[in-house]
Amino acid sequence: MSLFKQITLIMSLFLLLVLSSVIFFNFQSAKKYAQEEMANNAQNAATYLSLSLAGSQGNVSKMKTMIDAIFDSGYFQDITLNDTQGGTLHQRQQESDLSAIPEWFLSLYTLETPVAQATVSSGWNPIGTIRVTPVQDNAHLQLYTNFKDLLQSFIIISLIAFITLFLLLRLILSSLKRVTEQAEAVIDNTFIINEAIPNTTEFKDVTLAMNKMVAKVKEIFEKEAASVQDYHKLLYTDELTGLGNKHFFAHRLNDLLSSQEVDSSGIALTLYLDGAVQANKSIGHEKVDALINELAQIVKKACRQKDQTIISRIDGTKISMILPSSINDELDELRDTILSRSLISLEKASLLDSECAIKLIQFTYTPQDTVEGIYEKIQDELLTAPKNTYTDISGEEVVDESITREVLEHRINENSIALALQDVYDTHNDILHSEAYVRLYDEEKNLHEAGSFIPLVHKMRLDTKLDQNVINYALKEENLQSREIAFNLSLRFLQDAQCLKWLKERLASVQGRSLSFEISNYSLLNSLNEALILSDTLREGGHYFGIDRFSIEEGTNLNYLQMLKPHYLKIDSAYLLELLQGEKGQTNHALKILIESLEIRIIASNLERQEVKDALENIGISYFQGSLLSTPKLV
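Keep in mind the model is a prediction, meaning the values are calculated, not measured.

## Some points on the sheet that holds strand β6 (residues 310-315)
The strands making up a sheet associate through hydrogen bonds between their backbones, and the pairing can be parallel or antiparallel. Sheet architecture is open: 5 strands sit in the order β6-β7-β5-β8-β9, paired in mixed fashion. Of all the strands in the sheet, just β6 and β9 (389-392) have a single pairing partner and so form its edges. Put simply, the sheet's adjacent strands are angled 20° from each other on average, direction ignored. Running over the sheet, helix α6 (residues 246-257) touches β6, β7 (318-324) and β8 (357-365) and is turned about 130° from β6. Across the sheet, helix α10 (residues 371-384) lies against β5 (266-274), β6, β7, β8 and β9, angled at about 145° from β8, the strand it touches most.

Listed below in structure tokens is the structure:
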């Protein structure tokens, strides 16, 4: 029972006891007064009659007339005149009428009926005795009227008291409610400082103590978040330029290549400073470092308008850019800007006419490539590439000109869709859910993986239609009804309010199963408000929201995880291991503590090696997905 209810109950009982006591004692006093009043009235009437009857000189007729006159006033139940021998000379009686008074009220008390008498004399000679019994009707009626008035007053006073008590308690206990909200918010890693400090000393102390605790917990949480970001910076940031390093480049490129989304293909550009050894001898190590840093800033500024660009210094003289979803025709201006400005910097450093040169290498990657293969192709080309220009080492782009929007739209209807499911396992080999990868049949019934058609789907802006058809297909297929399926949603689907409305309506018909919906970390950071709407919609419907390909982005505060409260994060297993365990084997649990404090599951994805799985299990990771455990299987 809440404190509010307890105090209300105690105060109500106290008030009830006080007012009931007041009513009881007041009623007893009124009853006693009524009893005495009847006795006095009866005695006075008997005395008055005895004196009046004495003047009748024993004339019975006169005495009867006098008695009848007094009796007709209605205040007496019985008046009897007896002679000296006890015989009745005259008697008047009437029955009591208590019909106006409830029987339950009459059963609460008893009134004694007083009988008064006096001697009637004529001179010194006694005539007889007069006996007077008062009527009780008026006394009962007066008591009942008094009781009703008291009860009405009691009800009015009680209502006023209860309303006053309610308002006072609400006012006094509102600080406790705010403290409760603070405590519940801390559980969700949301930190509220209560600015409304109550005047009541005890509640004021509690509020101030709670504020201090919340501030301390917030500080700890923010320190953990800062620790994660600092450790990420230590592992993946180049100290000289502030760009990503080779580890970061490899992680992000591998993440893109394994993606089932549009960014699984794109362009990689590498800016190479040829002749760095001679430059060190010519102008000195410090000036060469300054030149490399200047080249890094040129690249960073030139790529500022390109979404999702990943820039890294992969070794001392190479700065690489990954431009997901980009095509060659879109990069002419970017390449010219980087090359021209780099040559100007080289000239300023007095190195343009020496053995130093700038080389810009372009390579178009596809899901069929590997990080190691791309490294090798770039490295081989750097030796022979012409100086101070750019070289495209990509193969010829094969474009099927027969594929129009209408043709592609026809192909992605539900009848041409197939799903390949890859299971997510826990440490006990139980399946958490199965992630759905879309496959597409062409006109000859050949099956194509996502990487071969998703870029075209994105280019023709059919992402949302494909997402809807995939969801419809999975919900209709009988052999998928017993599976807990996870769907990947595109950025366009997330940003389309009508699509989110459609999803909510579609999920309303889903009974007896929970589905998971994932968006990439990049999509989420570009549409936080829409992601919040999606997360709330799924949570209300009993479904799950996850973040796919989670990574720590430069300059991004991890507090967005508090706001979204996803059910799980999928993190590349190699990347996750590096974050949790450094190269020398030391452990850093800050990321794990931070995420699990928000009650978010960590799923190690793209798992390919047993030693990585064993290391992650030893650190405490419980969920895994990757080719080591299972490959996507067509259903």
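## As for the pairing of strand β11 (residues 431-441)
Burial within β11 is extensive, with 8 of its 11 residues counted as buried. Two successive antiparallel strands, strand β10 (residues 417-426) and β11, enclose a turn made up of 4 residues, where N429 displays a positive phi of approximately 65°. Here β11 pairs with strand β13 (residues 485-488) via 2 bridges, running parallel. By the bridge assignment for β13, E435 is matched with A486. Judged from the 2 bridges that link them, β11 and strand β12 (residues 447-448) form a sheet pairing that is antiparallel.

## Observations concerning the packing of aromatic side chains
Summed over all chains, the structure comprises 7 aromatic pairs. With a centroid separation of 6.1 Å and 65° between ring planes, the pair formed by W104 and F147 is classed as edge-to-face. Here W104, found in helix α3 (residues 103-106), pairs with F147, found in helix α4 (residues 137-187); they are 43 residues apart in sequence, far enough to count as distant. A relative accessible area of 16% places F147 in the buried class. Seen from their ring centres, F487 and F517 are 5.3 Å apart, and the 25° between their planes marks the pair as stacked. In this pair, F487 is assigned in strand β13 and F517 in strand β14 (residues 516-520), connecting sequence segments 30 residues apart. Residue F487 is classed as buried on the basis of its relative accessible area of 2%.

## Description of empty space enclosed by the protein
According to the stated counting rule, one finds 3 cavities of 30 Å³ or more in the structure shown. Taken as a whole, the largest cavity spans an internal volume of roughly 40 Å³. Of all the elements in the fold, those that place two or more residues in the lining of the largest cavity are α6 and α16 (521-526). The class makeup of the residues in the lining of the largest cavity is 1 nonpolar, 4 polar and 5 charged.

## Brief notes about the pattern of salt bridges
According to the stated counting rule, one finds 14 salt bridges in the structure shown. In this structure, D369 engages K377 in a salt bridge whose closest nitrogen and oxygen atoms are separated by 4.0 Å. Of the charged contacts in the structure, one is a salt bridge between R609 and E611, with a shortest N-O distance of 3.4 Å. The exposure class assigned to R609 is partly exposed, which follows from its relative accessible area of 45%. On the accessibility criterion, E611 (47% relative accessible area) is partly exposed. Residues joined by salt bridges that share partners form a network here, namely E435, E518 and K570.

Definitions and cut-offs
Residue indices follow the written sequence of each chain, beginning from 1 at its first position. Local features are withheld for residues below a pLDDT of 70 in this predicted model, meaning they are given only at 70 or higher, and side-chain atom pairs are given and counted only at 80 or more; totals for whole chains, interfaces and linings count all residues. No hydrogens and no water enter the side-chain calculation; it runs on all heavy atoms of the structure. Pairing between two strands requires that DSSP report at least two bridges joining them. Strands here mean DSSP runs of E at least two residues long; helices mean DSSP runs of H or I at least four residues long; both are numbered from the N terminus. Only C-alpha atoms enter the line fits that serve as axes; for helices the fit covers just the stretch in contact. Angles between N-to-C directions range over 0 to 180 degrees. What makes two residues a contact is simply this: any of their non-hydrogen atoms within 4.5 Å. When a residue's accessible area, from a 1.4 Å probe over protein chains only, is under 20% of the maximum for its type it is buried; when over 50% it is exposed; and in between it is partly exposed. Between 30 and 60 degrees the pair is tilted, below 30 it is stacked and above 60 it is edge-to-face, where a pair is any two Phe, Tyr or Trp rings, Trp via its six-membered ring, whose centres lie within 6.5 Å. The way it works is a 1 Å grid over only the protein atoms, where trapped points that fit a 1.4 Å probe form a cavity and open points with protein on both sides within 12 Å along at least five of seven lines form a pocket, and then any residue with an atom within 4 Å of a point lines it. Grid points are joined across faces, edges and corners, and a volume is the space filled by probe spheres set on the points. When residue character is reported, Ala, Val, Leu, Ile, Met, Phe, Trp, Tyr, Cys and Pro are called nonpolar, Asp, Glu, Lys and Arg charged, and the others, Gly included, polar. Every case where a carboxyl oxygen of Asp or Glu lies within 4 Å of a side-chain nitrogen of Lys or Arg is listed as a salt bridge.

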